[in-house]
Amino acid sequence: MSSDDRAASAEGASAVKERRPLTAKLDNGLMVVYEAMPWLPSVSATLVLPFGSASDPQGLEGTATVLHEWVQRGAGDLDSRAFSDALEDLGVRRGGAANRESSSFNLSFLASELEAVMPLLADMVIRPRLDAAEFEPSRELAVQELESLDDAPTQRLFDELLAAFVTSPQGRSPLGTAEGLAALTAEGVRAEAARVLRPRGAVLALAGGADWDRVLAAAQAAFGAWEGEGPEVPAVAVATPGRRHVEAESSQVQIGLAFPAPPPGTDEAYVHNVVVNVLSGSSGARLHTEVREKRGLVYSVSAFYRSLRGFGMTLGYAGTTPERADETLEVFLAELDRLAAGVTPEEVERAKVGMLSSLVMQGESSSATAGRLASDVFNLGRARTLEEIISRVQSVTVEDVNEYLSTRRVPEPTIVTLGPARVPAAVAP
Amino acid sequence: MTLDAPTPLAGEVAQRLRFDKAVLPNGLTVIGEHNPGAASVAAGFFVQTGSRDEQAELAGVSHFLEHMAFKGNERYTADDLNRLFDELGAQYNASTSEERTIYYGAVLPERLPRLLELLSELMRPALRQEDFDVEKKVILEEIAMYEDRPHFHVFDVSAPRFWAGHPLGNSVLGTRESISALTRDQMLAYYQRRYSPTNLVLAIVGRYDWDAVLDQAERIAGSWPTFDAPRERPPAAPATGREGVVDPKLSRVHVAYYAPGVAISDPRRFAAAVLGYVLGDATGSRLYWELVDKGLADSASLGHEAHEDQGAFVGYVSSAPERAEEVIARYVEVLRRAQDEPPTPDEWRRAQRKLATGLTLRAETPLGRLPSFGATYQSLGVYQSVAELVDRVMNARIETAVELLQARPFDSGYVFTLGPGQRA
């Protein structure tokens, strides 16, 4: 390492040390969290509320998705058109969706517009118009998104996989059901809005080129008058492992696997994430090497960690043509079994290096940083510093990983396949 | 016309950036955008080759070759390369388009020399027969995967028809037939025709030491032999009208739309891009209000794509089969009408600001900035900072859009449908 390199490393490290999320809880219970990235001209904001398919009333599946769309169609004094124009006048880029146990509204904009953007974001959840004329188009859009799933087999696979694996309401698709969407009424969804659009339990996360005083003042001014308590997120429950095939006309068979993993933020979750990265963190990882590089069975194969509140899971995916589906699944399962024999120090080192540099690189993006903060506060009740996450990943040793793998075998996965014909042998019950 | 000055913050960042450039004796161009505040550095080889440089019997070779580059050479096996990239903690990948193949990665700054070394190994692949045979299966799986994604597939099927024989219509993936028939020797010959240092740009964005980069580039790439790698740029006569393919497996109708646009070298491309946002951005555009807002389609978009010597407005809409005719008619009508009702100042300003915000956000990370930095330089031979791009967008004039619309591009639109056909 040259002296230049050392200087560069020191600068990089101190940059990480200076990254501190600041958190405030407003009197109404809304959690506000912010991480300054003063070199950026932009700010990204994510507002997360604890409603989603898990909070949809029984028989009215799809409520959250329709509500998420409807609240964006006019708020405060502005009708749908005027509200959209107001955001676009400020150059705001918008995103977000209703998910399983939470829904998000994401806005990115130039830092100079912060004070103008916050009241518009707040109006969506505090003073949505929910005009009758906008209800049918909002529902119609949700119906079309649901129908589009038939032409998106990978997305459909994951919906089917989570429905098979998660038995608590989080297992329902955020897209809802045709029956649920048909049963919705404007009055019913308005009542749901009054129930779920509440500050207690919600998180407003921001990151970018503003300072904390400005952010907090803008958040307080915009959201201070909001009141009430949002819905409780139900506890997660999972099914006993099983196998299922969903028939669909497609060129490839979609293969999905799911099994439980340690809850987010725990020591075990850090170790588990290293394991997942040994399996699938990169092109040199085991799944890519065995399934794609050596055998050419797939273009895409992966395993990854996903969390719900208080619950972690590992999901696996492979897509391959029908005649090779058996072999693909066999090789995938063999790689899960092989974990019991342990991993090498080199594998752990490579997995960690990849995780660490990806943390630093995601930390350069305002929207990725706002997303990380929001998910931390929502799932863990607090925002970890980048430094804390980095040092906890760094502290995982090969001994930790092998001890974890020897005491806790990979659980039998729930397996769902989706494709043109029932896959024989390997997925027979 | 009023101008919005870039925000002071954007200006400050711009002042800290430095553009570096050198051309090695063998013709390899090395460029850098130095940002002392970046926490990472991204680097990539931009090869000016893609599906437009393929004859019919080679369809898909550029993309297949991109895969083969990761299979190693005399020095490294594929496993070695994967392992070495992993040891750097590199986020790395490659992509192939009609015009360009890019091999790129991002690492923490102290690891840049090793990243550059590995990227340069990718440029000298062995193209071993046994690797070629295994990777052919992967490519065929990739083709099958995209067949299951009709919102991509519709463009693969329709582009050759719209471009009507112009090489910009060539499929990047190729077909099952072309890939199955392709030989390793054909790929080698293609590589030897296209991967000349004169046809490559090495681009670097983020925190780096320029002198060290240049020394290393000379050491690594200085001996690569130079040859001519010309590209054909025939005139285009794009199709108009409507065609379609029936696929009974599908649930929805997927529609690709094309109309003539302007090339990347045309200064009107900024106005064309803003016009694309006015008409077809995902939110708040004319197509959004006509189709998505009303719940008639779940997606309706249009954007302007500027290629080296040609350009096109390219759009997409999907709909339930029973409503497809109405949706297509409304989609086309929005665009036709725009020729007589050009953007209002309000619409124009909103589109400009959204475009400017998007440019700024993408440039937050070195890896996000790299593709446009390298590609713009490779296509135009000029450096454009993000601040300058934002300025160009904010200074684009409605009058230029009016001029583009007066050529009535949407009277020559081309509509292609991929859907289940008539339902019983």
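Note that the structure is predicted; figures quoted are calculated from it, not measured.

Caption draft 1: The confidence of the model for chain B, seen in detail. All names here are of chain B. Of the residues in chain B, 96% have a pLDDT of 70 or more, and the chain-wide mean is 94. A low-confidence stretch, residues 1-11 (pLDDT under 50), is modelled with 16 contacts involving residues beyond four sequence positions or located in other chains. Interface predicted TM-score (ipTM) for the complex: 0.91; the corresponding pTM is 0.93.

Caption draft 2: Examining the packing of helix H3 (residues 80-89) of chain A against helix H13 (residues 345-362) of chain B more closely. Direction vectors running N to C along H3 of chain A and H13 of chain B enclose 55°, while the axes themselves pass 8 Å from each other. The orientation of H3 of chain A with respect to H13 of chain B, classified from their angle, is oblique. Note on element contacts: H13 of chain B touches H3 of chain A through Arg 349, Arg 350, Arg 353 and Lys 354 of chain B, opposite Asp 85, Glu 88 and Asp 89 of chain A. Its residues assigned to classes, the contact of H3 of chain A with H13 of chain B comprises no nonpolar, no polar and 7 charged.

Caption draft 3: Quick peek at the pairing of strand S9 (residues 299-306) of chain B. Residues and elements named next belong to chain B. By the bridge criterion, 8 bridges tie S9 to strand S10 (residues 311-319) in an arrangement that is antiparallel. Across the sheet, the residue bridging to Ala 300 is Val 317, located in S10. Hairpin connection from S9 to S10: 4 residues lie between these consecutive antiparallel strands.

Caption draft 4: Just the environment of Glu 326 of chain B, in detail. Residues and elements named next belong to chain B. Topologically, Glu 326 is positioned in helix H12 (residues 324-338). Take Glu 326: its relative accessible area is 33%, and that puts it in the partly exposed class. Separated by 30 residues in sequence, Glu 326 and Leu 296 have C-alpha atoms that sit 8.9 Å apart.

Caption draft 5: Focus on unusual backbone geometry. Notably, Leu 130 of chain A is not glycine yet its phi reads approximately 45°, a positive angle. Secondary-structure assignment places Leu 130 of chain A in the loop between helix H4 (114-126) and helix H5 (132-148). On the basis of relative accessible area, Leu 130 of chain A is assigned to the buried category, the value being 9%. Positive phi, normally seen in glycine, also occurs at Leu 127 of chain B, with a value near 55°. Here Leu 127 of chain B shows up in the loop between helix H4 (112-122) and helix H5 (129-147).

Caption draft 6: Main features of the interface of chain A and chain B. With 76 residues of chain A at the contact, the number on the chain B side is 74 residues. Both faces combined, the contact of chain A with chain B buries some 6,000 Å², and carbon together with sulfur accounts for 50% of it. In terms of surface lost to chain B, no three residues of chain A exceed Arg 93, Asp 151 and Tyr 299 of chain A, which account for 12% of the buried area on that side. Remark: the boundary between chain A and chain B carries 11 salt bridges. If one sorts the elements of the side of chain A that touches chain B by residue count, H5 of chain A sits on top with 8 residues. Classifying every residue of the side of chain A that touches chain B by side-chain character gives 20 nonpolar, 31 polar and 25 charged.

Caption draft 7: Spotlight on the sheet that holds strand S5 (residues 101-107) of chain B. Residue and element names in this part refer to chain B. Taken in spatial order, the 6 strands make up an open sheet running S1-S2-S6-S3-S5-S4, and their pairing is mixed. The sheet terminates laterally at strand S1 (18-23) and strand S4 (91-96), the two strands that pair on one side only. The mean angle between the axes of side-by-side strands here comes to 15°, regardless of whether they run parallel or antiparallel. Bridge analysis of strand S3 (residues 41-47) against strand S6 (residues 200-206) gives 7 bridges, and the strand direction is antiparallel. Residue Gly 44 lies in a different strand from S6, and its bridge partner there is Ala 203.

Caption draft 8: Inspection of the nonpolar core at higher detail. Formed by 58 residues in total, the largest nonpolar core has its most connected members in Met 118, Leu 206 and Phe 223 of chain A. At 8 residues, H4 of chain A tops the list of elements feeding residues into this core. Sequence-distant contacts of Phe 223 of chain A, defined by excluding residues within four places in its chain, comprise Leu 26, Asn 28, Leu 30, Leu 47, Met 118, Leu 121, Ala 122, Val 125, Ile 126 and Leu 204 of chain A. Core analysis: the second largest hydrophobic core is formed by 52 residues, Val 47, Leu 81, Tyr 191 and Ala 221 of chain B among them.

Rules used in this analysis
Residues numbered from 1 in each chain as written. Chains lettered and ligands numbered in written order. Predicted model: local features only at pLDDT ≥ 70, side-chain atom pairs only at ≥ 80, totals over all residues. Heavy atoms only, no water. pLDDT = per-residue confidence, 0-100. Contact = heavy atoms within 4.5 Å. Axes fitted to C-alpha atoms, helices over the stretch in contact; angles between N-to-C directions. Helix = DSSP H or I, 4+ residues; strand = E, 2+ residues; numbered from the N terminus. Parallel < 35°, antiparallel > 145°, perpendicular 65-115°, else oblique. Nonpolar A, V, L, I, M, F, W, Y, C, P; charged D, E, K, R; others polar. Pairing = 2+ DSSP bridges. Buried < 20%, exposed > 50% of the residue type's maximum accessible area, 1.4 Å probe, protein only. Buried area = accessible area lost by both parts, 1.4 Å probe. Salt bridge = Lys/Arg side-chain N within 4 Å of Asp/Glu carboxyl O. Core = buried A, V, L, I, M, F, W, Y, C linked by side-chain atoms within 4.5 Å.

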